[in-house]
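What follows is the residue order along each chain.
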Amino acid sequence: MGAPGPLNLITDVAGLRVGHAVDTHIRTGVTVLLPDRRAACSVDVRGGGSGTRETDLLRPEAAMPAVDALCLSGGSAFGLDAASGVMQWLAERRRGFSIHGHVVPIVPGAILFDLANGGDKNWGSEPPYRRLGHAACEAATDGAFPLGNTGAGYGAKAGRLKGGLGSASWRETDGLVVAALVAANPVGSVLTPGNRGFWAQPWEQGDEFGGLKTAFPDGVDLGIAAEARITAPAANPPSAQPGGHTCIGVVATNAVLDKTGLRQVTAMAHDGLARAVRPVHTPMDGDTIFALATAAWQDQSDTAGRNWLIARIGSIAADCMARAVARGVWSAVPLGDEDSAAALLRRQEEGKQ
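Throughout, a residue's number is its position along its own chain's written sequence, starting from 1. The model is predicted, so local features are restricted to residues of pLDDT at least 70 and side-chain atom pairs to those at 80 or more, both for listing and for counting; the totals for chains, interfaces and linings are taken over all residues. Hydrogen atoms and water are omitted, and side-chain values are computed over all heavy atoms in the structure.

Asker: What is the right way to look at the side chain of Glu208 in this model?
Answerer: The numbering of helices and of strands both runs from the N terminus, where a helix is a DSSP run of H or I of at least 4 residues and a strand a run of E of at least 2. One can find Glu208 in the loop between strand 13 (177-184) and helix 3 (226-230). The cut-offs for exposure are 20% and 50% of the maximum accessible area for each residue type, with area from a 1.4 Å probe on protein chains only; residues under the lower value are buried, those over the upper are exposed, and the others partly exposed. Given a relative accessible area of 11%, Glu208 falls into the buried group. Here a polar contact means two N or O atoms within 3.5 Å. Within protein one must be a hydrogen donor candidate and the other an acceptor candidate, and residues neighboring in sequence count only if both atoms are side-chain atoms. Only 2.8 Å separates the side chain of Glu208 from the side chain of Asn8, close enough to count as a polar contact.

Asker: For this particular structure, what's the right way to read the sheet that holds strand 3 (residues 28-35)?
Answerer: Strand pairing in a sheet takes place through backbone hydrogen bonds and is either antiparallel or parallel in direction. By this definition, two strands are paired if DSSP reports at least two bridges between them. A sheet is described by the order of its strands in space; here 5 strands give the open sequence 2-3-6-9-5, paired in mixed fashion. The sheet is open, and its two borders are formed by strand 2 (16-23) and strand 5 (52-53), each paired with just one other strand. Judged from the 4 bridges that link them, strand 3 and strand 6 (residues 70-73) form a sheet pairing that is antiparallel. Looking across to strand 6, one finds that Val30 is bridged to Ser73.

Asker: Looking at this structure, how should I read the pairing of strand 2?
Answerer: In regular strands, side chains alternate between the two faces of the sheet. Buried residues dominate strand 2, accounting for 6 of its 8 residues. Bridge analysis of strand 2 against strand 3 gives 8 bridges, and the strand direction is antiparallel. Looking at strand 3, one finds that Gly19 is bridged to Val32. Here strand 2 hands over to strand 3 after 4 residues, with Arg27 in that stretch at a positive phi of 65°.

Asker: How should the pattern of salt bridges be read in this particular structure?
Answerer: Once their charged atoms are close, side chains differing in charge can pair, the charge on each being opposite to the other. Take a side-chain nitrogen of Lys or Arg and a carboxyl oxygen of Asp or Glu: if they are within 4 Å of each other, that pair is a salt bridge. Considering all chains together, one arrives at 13 salt bridges under this definition. With a closest N to O distance of 2.7 Å, Arg59 and Glu61 form a salt bridge. By relative accessible area, which is 37% here, Arg59 ends up partly exposed. Linked through salt bridges whose partners overlap, the residues forming this network are Asp44, Arg46 and Arg263.

Asker: I keep staring at the environment of Glu172 and nothing clicks. Help me out?
Answerer: Relative to the helices and strands, Glu172 resides in strand 12 (residues 164-172). Taking relative accessible area as the criterion, Glu172 reaches 8% and is therefore assigned buried. A sequence separation of 171 residues divides Glu172 from Met1, and the C-alpha atoms of the two residues are 6.0 Å apart. In this view, Glu172 contacts Met1, Gly2, Arg312 and Ile316; residues no more than four positions away in its chain are not counted. A distance of 2.9 Å separates a polar atom in the side chain of Glu172 from a polar atom in the side chain of Trp170. At 3.2 Å, the side chain of Glu172 forms a polar contact with the side chain of Arg312. Contacts: residue pairs with any heavy atoms within 4.5 Å of one another.

Asker: Is there a simple way to think about the sheet that holds strand 15 (residues 288-293) in this case?
Answerer: Read from one edge to the other, the open sheet built from 6 strands follows the order 1-12-13-14-15-4, with strand pairing classed as mixed. The strands lining the two open edges of the sheet, one partner per strand, are strand 1 (2-3) and strand 4 (40-45). Note that strand 13 and strand 14 (residues 248-253) share 6 bridges and pair antiparallel. By the bridge assignment for strand 14, Ala183 is matched with Ile248. Whenever a helix is involved, its axis is fitted only over the stretch in contact; in every case the axis is a line through C-alpha atoms, and angles between N-to-C directions fall within 0 to 180 degrees. Contacts from helix 4 (residues 259-276) reach strand 4, strand 14 and strand 15 within the one sheet, and its direction differs from that of strand 4 by about 40°.

Laid out in structure tokens, this is it:
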């Protein structure tokens with residue numbers, strides 16, 4: 001039926017570029033997604049502590065049909081200014097919505113909380129995020145990019161472990177491509193009870209996040225495993241506060257979809273977070289997923305087939321999102337006193353030998 005794209009990244013969707021910028025002293029960063037042309041976009045925000053910009057324009061009934069970029073940033077509410085740097089970069093190139101002789105770039109964005117990760121947040125009168133947003137645009141590529149400690153995931157945490165930036169893609173045999181990008185910073189755990197492995201392990205392709213096959217008890221069906229079904233994750237930091245965490249991400253496709261169709265895709269894509277993180281959408285999280293369509297691949301279905309196409313894209317998007325979360329956390333390396341999932345799971349394996 002299909003397989004991960006050549007890069008297994010969101011840049012497998014033709015017409016997309018991704019750029020990152022980080023400040024290692026502050027321990028924060030920004031990720032920007034740039035479509036080659038203005039693209040239809042929608043969003044779905046869940047949890048109790050979201051921070052977003054320009055999302056009202058993405059409602060199906062809103063007049064704005066497309067966006068010029070998407071911006072994901074650390075920094076809590078300070079990070080919302082990263083989109084201003086992206087706007088500046090686009091305006092310098094006369095890219096945006098044309099109105100009355102002016103060009104206004106449309107750049108929705110979302111932020112996660114990374115202020116308590118030990119970096120120096122005494123940045124004085126000018127937070128770094130506008131600068132980082134502009135720099136991320138300068139660094140944008142349509143090819144491979146690193147995962148883990150980069151971009152908006154640089155300062156992220158995942159429960160008690162180091163979080164990070166992840167991405168995954170899927171290409172169907174008929175040419176449909178769906179992919180996800182996420183900065184994983186949840187209050188919940190990405191690992192199953194006893195740190196056996198990732199919750200997302202059933203959706204892993206190859207060894208994209210370690211190839212571990214011990215996530216659940218041997219010989220027990222996943223659907224009825226008591227440990228997997230009822231044991232609450234133990235990775236919730238005792239200092240968890242509303243708005244102190246959050247996963248922010250994007251799912252993208254090369255199909256032709258409008259904002260209404262993409263709104264349904266974003267709703268389904270949140271299922272991928274639920275497959276990869278427990279608990280999810282908590283009062284401490286402001287989980288936000290954008291969906292974007294580049295319209296590079298034309299489906300020939302009638303109206304009934306069109307509805308199924310939306311369902312098909314949403315289902316694949318959820319799988320890619322779950323994989324992207326695990327890939328981001330698996331690729332992350334320790335930062336300060338935050339252990340990495342890869343190091344923890346390897347110690348687990350060594351202890352069994």
